[in-house]
Amino acid sequence: MAAPRSFLWSRRIFLTLLTGFVLLPVYVMVSSSLKPLADVSGKFQWIPSGLTLRPYLDIWRTVPLADYFVNSLVVAGAATVCSLVVAVFAAYAVSRHAFRGKRVFTVTVLSTQMFPGILFLLPLFLLYVDIGNATGIALFGSRGGLILTYLTFSLPFSIWMLIGYFDGVPRELDEAAEVDGCGPLGALFRVVVPAAVPGIVAVGVYAFMTAWGEVLFASVMTTDTTRTLAVGLQGYATQNDVYWNQVMAASLVVSVPVVAGFLLLQRYLVTGLTAGAVK
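Scope of this entry: the structure provided in the associated data block.

**Looking at the pattern of salt bridges**
In this structure the tally under the stated criterion is three salt bridges. Between Asp58 and Arg54 there is a salt bridge; the shortest N-O distance is 3.3 Å. Here the residue Asp58 and the residue Arg54 both occupy positions in helix α3 (residues 54-62), the gap between them amounting to four residues, near one helical turn. Classification of Arg54 by relative accessible area gives partly exposed; the value is 47%. In this structure, the salt-bridge partner of Asp224 is Arg227, at a minimum N-O distance of 2.6 Å. Of the residues examined, Asp224 reaches a relative accessible area of 57% and is grouped as exposed. Among the charged side chains, a salt-bridge network with shared partners connects Arg54, Asp58 and Arg61.

The structure is reproduced here in structure tokens:
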């Protein structure tokens with residue numbers, strides 16, 4: 001049975017308005033990044049009078065954006081890899097083995113997502129400083145300390161998501177692998193992990209995006225040499241002026257890795273999130 005014409009037109013109008021609402025900020029950002037600073041600082045013009053690529057060249061000289069880019073890639077990439085490695089083993093153990101305190105563990109992992117991040121800011125800061133004073137291990141102001149900080153947020157969610165996904169992988173596959181001579185680790189890496197690739201990719205994208213765009217902890221736990229992109233964008237605002245065209249250009253450049261990764265892994269991301277939520 002065909003849908004009424006009124007419903008079809010209503011859906012088209014709604015989707016058109018929704019698309020315009022989403023794309024309008026993107027247009028403002030792109031157009032502002034192609035304007036001279038004088039045009040951006042004045043009254044906004046929907047149709048720019050003049051376009052220039054100068055802001056995209058100046059963003060690398062106004063602040064050390066390349067250094068911030070490297071810091072963000074190292075921190076976000078390391079946090080993602082560490083989160084996936086630990087989450088795969090933890091989720092597999094919870095999904096496939098019964099042990100005392102299993103339910104308490106899963107509830108505790110999930111309950112950590114209820115607390116706001118700012119609640120852990122001061123304790124982590126004091127803990128890193130005390131560890132540095134006692135052992136000489138520089139966690140505060142280092143990439144390693146920031147990676148460890150991001151693990152406290154991405155790891156619980158990663159474990160919880162993968163538990164639900166591993167539960168959906170039939171246990172008969174593990175038993176068949178063990179019959180063929182595989183041990184528990186062999187069954188995990190040869191059977192379960194290949195079957196759970198969409199869920200693992202979804203968790204990896206979440207962990208990377210969480211670390212890539214985080215501002216609160218990065219603004220406190222980093223120094224001038226370890227600053228990430230999310231914090232480094234503040235360098236375009238000085239006491240005398242704000243380089244709005246460079247801010248918009250840098251924001252677009254910063255968004256490229258996340259957008260490109262999302263487009264490339266969109267199929268796995270949607271499948272993994274849906275399967276993990278249902279299972």
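**Some words on the side chain of Thr226**
Relative to the helices and strands, Thr226 resides in the loop between α11 (216-221) and α12 (229-232). Of note is the side chain of Thr226, whose polar atom sits 3.1 Å from the backbone oxygen of Gly141. Among the polar contacts listed, one links the side chain of Thr226 to the backbone nitrogen of Thr223, at a separation of 2.9 Å. Residue contacts for Thr226: discarding those within four places in its chain leaves Asn71, Gly141, Ser142 and Arg143.

**What to know about the packing of aromatic side chains**
By the definition in use, this model includes nine aromatic pairs. An angle of 80 degrees between the planes, with centres 6.4 Å apart, marks the rings of Tyr92 and Phe166 as edge-to-face. Residue Tyr92 is located in helix α4 (residues 65-96), and its partner Phe166 is located in helix α7 (residues 143-167); the two are separated by 74 residues in the primary sequence. Their ring planes at 55 degrees and their centres at 5.0 Å tell us that Phe153 and Phe217 sit as a pair that is tilted. Here Phe153 is found in helix α7, whereas its partner Phe217 is found in helix α11, with 64 residues between them in sequence. In this structure an aromatic cluster arises from ring pairing among Phe69, Phe208 and Trp212.

**Details of the layout of surface pockets**
In this structure, the largest pocket spans a volume of roughly 220 Å³. Surrounding the largest pocket, Thr112, Gln113, Phe115, Gly117, Phe120, Leu124, Leu151, Thr152, Phe153, Leu155 and Pro156 form its lining. With five residues, the single largest contributor to the lining of the largest pocket is α7. Within the lining of the largest pocket, the residues separate by chemical class into seven nonpolar, four polar and no charged.

**Examining a nonpolar patch on the surface**
On the surface, Phe14, Leu15, Leu18, Phe21, Val22, Leu23, Val26 and Val30 cluster together into a nonpolar patch covering about 760 Å² of accessible area. Along the chain, the position of Val30 falls in helix α1 (residues 5-33). On the basis of relative accessible area, Val30 is assigned to the partly exposed category, the value being 32%.

**Considering helix α6 (residues 121-135)**
In a regular helix each residue adds 1.5 Å, so 15 residues correspond to 21 Å; α6 covers 21 Å between its end C-alpha atoms and thus fits that length. The complete set of buried residues in α6 reads Leu121, Leu124 and Tyr128. The buried residues of α6 occupy one face: seen down the axis, they fall within an arc of 70 degrees. Exposed positions of α6 whose direction lies more than 90 degrees from the buried face are Leu122, Asn133 and Ala134. Here the buried face of α6 lies against α7 and α11. Positioned one or two residues after α6, Gly136 has a phi angle of 85 degrees, which is positive.

**Comments concerning the environment of Leu151**
Inspection of the secondary structure puts Leu151 in helix α7. The spatial distance from the C-alpha of Leu151 to the C-alpha of Ala79 is 6.1 Å, given a sequence separation of 72 residues. In this structure Leu151 touches Ala79, Cys82, Ser83 and Pro156, once residues within four positions along its chain are discounted.

**Quick look at the nonpolar core**
Proteins that are soluble and globular tend to have nonpolar side chains buried together. Ile59, Leu65, Tyr150, Trp212, Met221, Leu229 and Tyr236 are the most contacted members of the largest nonpolar core, which totals 29 residues. Core analysis: the second largest hydrophobic core is formed by 26 residues, Val88, Tyr165, Val193 and Val203 among them.

What counts and what doesn't
Residues numbered from 1 in each chain as written. Predicted model: local features only at pLDDT ≥ 70, side-chain atom pairs only at ≥ 80, totals over all residues. Heavy atoms only, no water. Salt bridge = Lys/Arg side-chain N within 4 Å of Asp/Glu carboxyl O. Helix = DSSP H or I, 4+ residues; strand = E, 2+ residues; numbered from the N terminus. Buried < 20%, exposed > 50% of the residue type's maximum accessible area, 1.4 Å probe, protein only. Polar contact = N/O pair within 3.5 Å; in protein donor to acceptor, adjacent residues only side chain to side chain. Contact = heavy atoms within 4.5 Å. Phe/Tyr/Trp six-rings, centres within 6.5 Å; stacked < 30°, edge-to-face > 60°. 1 Å grid on protein atoms, 1.4 Å probe; cavity = no way out; pocket = protein on both sides within 12 Å on 5 of 7 lines; lining within 4 Å. Points joined across faces, edges and corners; volume = space filled by probe spheres on them. Nonpolar A, V, L, I, M, F, W, Y, C, P; charged D, E, K, R; others polar. Patch = residues over 30% accessible without salt bridge, like charges linked within 9 Å, V, L, I, M, F, W, Y side chains within 5 Å. Areas by Shrake-Rupley, 256 points an atom, 1.4 Å probe, with all protein chains shown as cover. Expected span 1.5 Å × (residues − 1). Arc of directions from axis to C-beta. Core = buried A, V, L, I, M, F, W, Y, C linked by side-chain atoms within 4.5 Å.

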